[in-house]
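Take a look at the letters that make up each chain.
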Amino acid sequence: MTALSSSLSAERQSLRRLLRCKRRALTAAQQQQAARNLYLQLAQHPWFRRARHIALYLASDGEISPHLLLREAQRRKKHVYLPVVACRAGGQMVFQRVDVATRWGQNCFGIVEPIPDHRQQRALWTLDLVCLPLVGFDAGGGRLGMGGGFYDRSLAACSMPLPRLLGLAHACQQVERLPVAPWDMPLDAVVTDCSWHDCR
Ligand SMILES: Nc1nc2c(c(=O)[nH]1)N(C=O)[C@@H](CNc1ccc(C(=O)N[C@@H](CCC(=O)O)C(=O)O)cc1)CN2
Ligand SMILES: Nc1ncnc2c1ncn2[C@@H]1O[C@H](COP(=O)(O)OP(=O)(O)OP(=O)(O)O)[C@@H](O)[C@H]1O
């Protein structure tokens, strides 16, 4: 690691710590309101309305929760996918469809996810809309995640064109400018409980 990349990753790590504390400090009532506002911003948006295959996530660690969107997508007979990780260094992440028949487990980070089943998995590049959980973001589409590099590596391995990338976050997770890592894939937009940010 060069001096530059080690100072960049130290800076990203300290921001990550700060922003995770911020979102974990939100009360249950604030989280519920944020999830409702997120739903209101996205449910009628053309990106959501037109998408047939959508990747979401199950909120943990104070993340803004897309559970109302998940339910709405299933109600509209869309196919919903959740990330499933291989828990080892440099491990991959796949996207697996969930429905009433899904069997659930927990990954090594304590996040509930579907038990792997190849028949229900779909290549990332064939999804219409990928909603990514953010730890931090900036107005230019810069993204800070949990630091495992799972989304980064999956996107790097993804065939072109990339699916539409939409970051989901609480408004309090916005920073002026994120230190960008060379492998970062810019988001197309970020939606929070308060506003929509087009990044392209
Ligand atoms: N809701 C949700 N699901 C997701 C993600 C996410 O960010 N949010 N992921 C997005 O990538 C993947 C999981 N990635 C993760 C990466 C790091 C840690 C984490 O908590 N790290 C701990 C230390 C981990 C350890 O025990 O070794 C930490 O940083 O404190 C959690 C999830 C797949 N599923
Ligand atoms: N395309 C890639 N190829 C190989 N390693 C990668 C790639 N992208 C990221 N990584 C590794 O993943 C680690 C975490 O990256 P980063 O700090 O960007 O996390 P992050 O933005 O929080 O990511 P994510 O949300 O994707 O987990 C980095 O140390 C890097 O070595």
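Higher on the page you've got the structure.
Figured I'd write up the structure that's included with this text. (Residues numbered from 1 in each chain as written. Chains lettered and ligands numbered in written order. Predicted model: local features only at pLDDT ≥ 70, side-chain atom pairs only at ≥ 80, totals over all residues. Heavy atoms only, no water.)

### Regarding the sheet that holds strand E6 (residues 121-122)
Phase 1 of the analysis: Reading across the sheet, the 8 strands line up as E6-E3-E2-E1-E7-E10-E11-E12 and stay open at both edges, with mixed pairing between neighbours. The open sheet is flanked by E6 and strand E12 (196-198), the only strands paired with a single partner.
Phase 2 of the analysis: Bridge count between strand E2 (residues 79-85) and strand E3 (residues 93-98): 6 bridges; the pairing is antiparallel. If you follow Val80 over to E3, its bridge partner there is Val98. (Pairing = 2+ DSSP bridges. Helix = DSSP H or I, 4+ residues; strand = E, 2+ residues; numbered from the N terminus.)

### A short note on the pattern of salt bridges
Phase 1 of the analysis: Tallying each qualifying case throughout the model produces 9 salt bridges.
Phase 2 of the analysis: Asp61 serves as the salt-bridge partner of Arg23, at 2.6 Å between the closest nitrogen and oxygen. In this pair, Arg23 is assigned in helix H1 (residues 3-24) and Asp61 in the loop between strand E1 (53-55) and helix H4 (67-75), connecting sequence segments 38 residues apart.
Phase 3 of the analysis: With a relative accessible area of 0%, Arg23 lands in the buried category.
Phase 4 of the analysis: Between Asp61 and Arg24 there is a salt bridge, with its nearest N and O atoms 2.6 Å apart. Here Asp61 is found in the loop between E1 and H4, whereas its partner Arg24 is found in helix H1, with 37 residues between them in sequence.
Phase 5 of the analysis: On the basis of relative accessibility, which here comes to 44%, the residue Arg24 falls in the partly exposed class.
Phase 6 of the analysis: Each member of the salt-bridge network shares a partner with another, and the members are Arg20, Arg23, Arg24 and Asp61. (Salt bridge = Lys/Arg side-chain N within 4 Å of Asp/Glu carboxyl O. Buried < 20%, exposed > 50% of the residue type's maximum accessible area, 1.4 Å probe, protein only.)

### Description of unusual backbone geometry
Phase 1 of the analysis: Residue Pro161 is reached from Met160 by a cis peptide bond, and omega for that bond is -5°.
Phase 2 of the analysis: Within the fold, Pro161 resides in the loop between helix H5 (150-156) and strand E10 (164-168).
Phase 3 of the analysis: Look at Asp61: it is not a glycine, yet its phi comes out positive at around 55°.
Phase 4 of the analysis: The phi torsion at Lys77 lies on the positive side, around 65°, for a residue other than glycine.
Phase 5 of the analysis: By the secondary structure assignment, Lys77 is in the loop between H4 and E2.
Phase 6 of the analysis: For Lys77, a relative accessible area of 66% translates into the label exposed.

### Description of the packing of helix H2 (residues 28-42) against H4
Phase 1 of the analysis: Direction vectors running N to C along H2 and H4 enclose 45°, while the axes themselves pass 8 Å from each other. On the basis of the axis angle, H2 is oblique to H4. Within the contact between the two elements, H2 uses Ala35, Arg36, Leu38, Tyr39 and Leu42 and H4 uses His67, Leu68, Leu69 and Glu72.
Phase 2 of the analysis: Across the contact of H2 with H4, the residue classes tally to 6 nonpolar, 1 polar and 2 charged. (Axes fitted to C-alpha atoms, helices over the stretch in contact; angles between N-to-C directions. Parallel < 35°, antiparallel > 145°, perpendicular 65-115°, else oblique. Contact = heavy atoms within 4.5 Å. Nonpolar A, V, L, I, M, F, W, Y, C, P; charged D, E, K, R; others polar.)

### Quick look at the pairing of E2
Phase 1 of the analysis: In terms of burial, E2 is a largely internal element, 7 of the 7 residues being buried.
Phase 2 of the analysis: With burial as the criterion, each face of E2 is covered, one bearing His79, Tyr81, Pro83 and Val85 and the other bearing Val80, Leu82 and Val84.
Phase 3 of the analysis: As judged from the 3 bridges shared by E1 and E2, these two strands associate in the parallel manner. Its bridge partner lying in E2, Ala55 is registered against Tyr81.
Phase 4 of the analysis: Taken together, E1, H4 and E2 form a β-α-β motif whose crossover is right-handed. (Right-handed = clockwise from strand over helix to strand, strands pointing away.)

The analysis is restricted to geometry; functional conclusions fall outside its scope.
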